[in-house]
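Per-entry structural report
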Amino acid sequence: TLMDVLTSNNQGKYTYTKYPMNWPGTGDPYYTGEGGTRMSFYDVTGTPQIFLDGTNQYHVAISQAVFDEYYNNSSYVDIRGSFDVVGNTINVIADFMSYVDIDNVDAYISINEKTTTGNIGGNGETEFHHVMLKMLKSKSGNEINLKAGEYHRLEFTYNMSLTNVEELDDLEVALWLQNPVTQEIYNSIFAYEYTEHCYPVNNLTLNQNEEIKTLTWEAPEQGTPVCYKVFINGNIASENISDTTYKLDSIGDIFTAEVIAVYDNEKTSVGVAKLFGVVEEEEEEAVT
């Protein structure tokens, strides 16, 4: 009940995945070996047990104060994804982007069912939420390396008839990046549901003609954004650009720029970011 209140009061601020276990007793009929791997990863000692951003909260509900503390922590990674279902097959695309270099981080993709009523175990409960059905591709995550400002894409398809899914129109896909050693979760998000992917821009470049500096980029490889947002040094510079160029006014020699593609219904891609000025300056010094 306390967790129901917490989640109801914080819609859009969390990503939630529940792993059914094969105990106590006969356990949950939705248990899979993937849930067992997560149990071992977290060293779970009993159910229910809650982990917030990878930190053990043990067997008590999370308070609003604790939730706010974690929610207000800064994150330096961005995640966007989408999925659609054709017949019994789910198609998932996920983009993971970092503002700093990160090596050997695990990207997780969990297909959940929002509400189930058929996985009744021995405790008498008849309704369950955010139940994990399948993890793609690996139950231990997908090890990736991220370069600052660049994104890494993962794409998977899976036949959901191989799971215990009850309703194919009641799915959600949770995406997160996690440190495999410290268990810290860097960021997470639910993928956009039953829709096309929001592809990011390509080839962000700085062009300079005398005193005029202009950012240019290429439109996404698929999809039609309604506009673009531009950030300079982390601050919004323009949020409604229809063209693929942006003129820079009174900007320093070294700065960061980021462009995000905006689609219908305010859906957005991951950003593409770049630090300008440093490499060019070092090359000039080497020549002289």
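As shown above, the structure is provided for reference.
In this report, the structure presented in the accompanying data block is examined. Computed from a prediction, not measured in an experiment: that's the story for all the values here.

So, how was this worked out
Residues numbered from 1 in each chain as written. Predicted model: local features only at pLDDT ≥ 70, side-chain atom pairs only at ≥ 80, totals over all residues. Heavy atoms only, no water. Helix = DSSP H or I, 4+ residues; strand = E, 2+ residues; numbered from the N terminus. Buried < 20%, exposed > 50% of the residue type's maximum accessible area, 1.4 Å probe, protein only. Contact = heavy atoms within 4.5 Å. Areas by Shrake-Rupley, 256 points an atom, 1.4 Å probe, with all protein chains shown as cover. Lys, Arg positive; Asp, Glu negative; His and termini not counted. Charge placed at Lys NZ, Arg CZ, Asp CG, Glu CD.

Attention shifts here to the overall build of the protein chain. Looking only at helices and strands, the protein chain has four helices and 17 strands in total. If one aligns the C-alpha atoms of the protein chain with their principal axes, the spans along those axes are about 75 × 40 × 35 Å. Residues classed as buried in the protein chain amount to 44% of the 288 residues present. Once local pairs closer than 6 in sequence are excluded, the contacts in the protein chain between residues at least 24 apart make up 63%. In the structure as shown, the protein chain presents an accessible area of about 15,400 Å², 46% of it carried by carbon and sulfur atoms. When the 15 positive and 44 negative side-chain charges of the protein chain are each reduced to one mean point, those points stand 2 Å apart.

With that settled, the discussion passes to the side chain of Glu34. For Glu34, the location among the structural elements is in helix H2 (residues 33-42). With a relative accessible area of 10%, Glu34 lands in the buried category. Once you skip the residues sitting within four places of it in the chain, Glu34 turns out to touch Met132, Leu133, Lys134, Met135 and Lys139.

Don't take any of this as a statement about function, it's just geometry.
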